[in-house]
Amino acid sequence: MSIYGTIEINNLRLRAYHGVLEQERKVGNEFEISLKMEVEMEMALKNDDLDKTVNYADVIDLVKHEMDIPSQLLENVAWRIATAARERYTSLRSVTVKVAKLTPPVQALLNSVAVEVTV
């Protein structure tokens, strides 16, 4: 019997240069990134061993790396983060990544716009 659980990274705030408009890719914007990772954790639970689970500090570094690569679409950024996490950690059953742009260039009063992808 496998035991599954979730590991979450919530609202990691980073500055990055994503957007369709050239100005967005020059000036940048603030983003919040959240991940929910479903992982097989039986060995980590029984052995108290970091090597038997997903190291969230490593995942944060992975997110920073992907956020440093400019993209036009948040969809692309979220997909790249999710795919990179799945490739790095084969014990992941699924990864949901949410990327929110905190001050999008639109004429509206809102907190953010966001894209969520599950792989």
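Higher on the page you've got the structure.
Only a predicted model underlies this, so the values are computations on that prediction, with no experimental measurement involved.

Scoring rules and cut-offs
- Residues numbered from 1 in each chain as written.
- Predicted model: local features only at pLDDT ≥ 70, side-chain atom pairs only at ≥ 80, totals over all residues.
- Heavy atoms only, no water.
- Salt bridge = Lys/Arg side-chain N within 4 Å of Asp/Glu carboxyl O.
- Helix = DSSP H or I, 4+ residues; strand = E, 2+ residues; numbered from the N terminus.
- Buried < 20%, exposed > 50% of the residue type's maximum accessible area, 1.4 Å probe, protein only.
- Patch = residues over 30% accessible without salt bridge, like charges linked within 9 Å, V, L, I, M, F, W, Y side chains within 5 Å.
- Areas by Shrake-Rupley, 256 points an atom, 1.4 Å probe, with all protein chains shown as cover.
- Contact = heavy atoms within 4.5 Å.
- Polar contact = N/O pair within 3.5 Å; in protein donor to acceptor, adjacent residues only side chain to side chain.
- Expected span 1.5 Å × (residues − 1).
- Arc of directions from axis to C-beta.

A. Representation of the pattern of salt bridges. Taken as a whole and judged by the stated rule, the model has 8 salt bridges. Between Arg88 and Asp58 there is a salt bridge, with the nearest N and O atoms lying 3.5 Å from each other. Linking Arg88 in helix 4 (residues 74–88) with Asp58 in helix 3 (residues 56–67), this pair joins segments that are 30 residues apart in sequence. For Asp58, a relative accessible area of 32% corresponds to the partly exposed category.

B. Seen up close, a nonpolar patch on the surface. Residues Val20, Leu21 and Leu73 make up a contiguous nonpolar surface patch of roughly 270 Å² in combined accessible area. Tracing the backbone shows Val20 in the loop between strand 1 (4–16) and helix 1 (22–27).

C. Up close: the environment of Ser34. With respect to the helices and strands, the residue Ser34 is situated in strand 2 (residues 29–40). Spatially, the C-alpha atoms of Ser34 and Ile81 are 10 Å apart, while their sequence positions differ by 47 residues. In contact with Ser34, not counting residues within four places along its chain, are Ile9, Asn10, Asn11, Thr96, Val97 and Lys98. A polar contact is formed between the side chain of Ser34 and the backbone nitrogen of Asn11, at a distance of 2.9 Å.

D. Up close: helix 3. Over its 12 residues, helix 3 runs 16 Å from end to end, which matches the ideal 16 Å to within 8%, given 1.5 Å per residue. Where helix 3 is concerned, the buried positions are Val59, Leu62, Val63, Glu66 and Met67. Looking straight down helix 3, one finds that the buried residues subtend no more than 130 degrees of arc, so they occupy a single side. Packed against the buried residues of helix 3 are strand 1, strand 2 and helix 4. In this structure Asn55 caps helix 3, since a side-chain oxygen of it lies 2.9 Å from the backbone nitrogen of Ala57.

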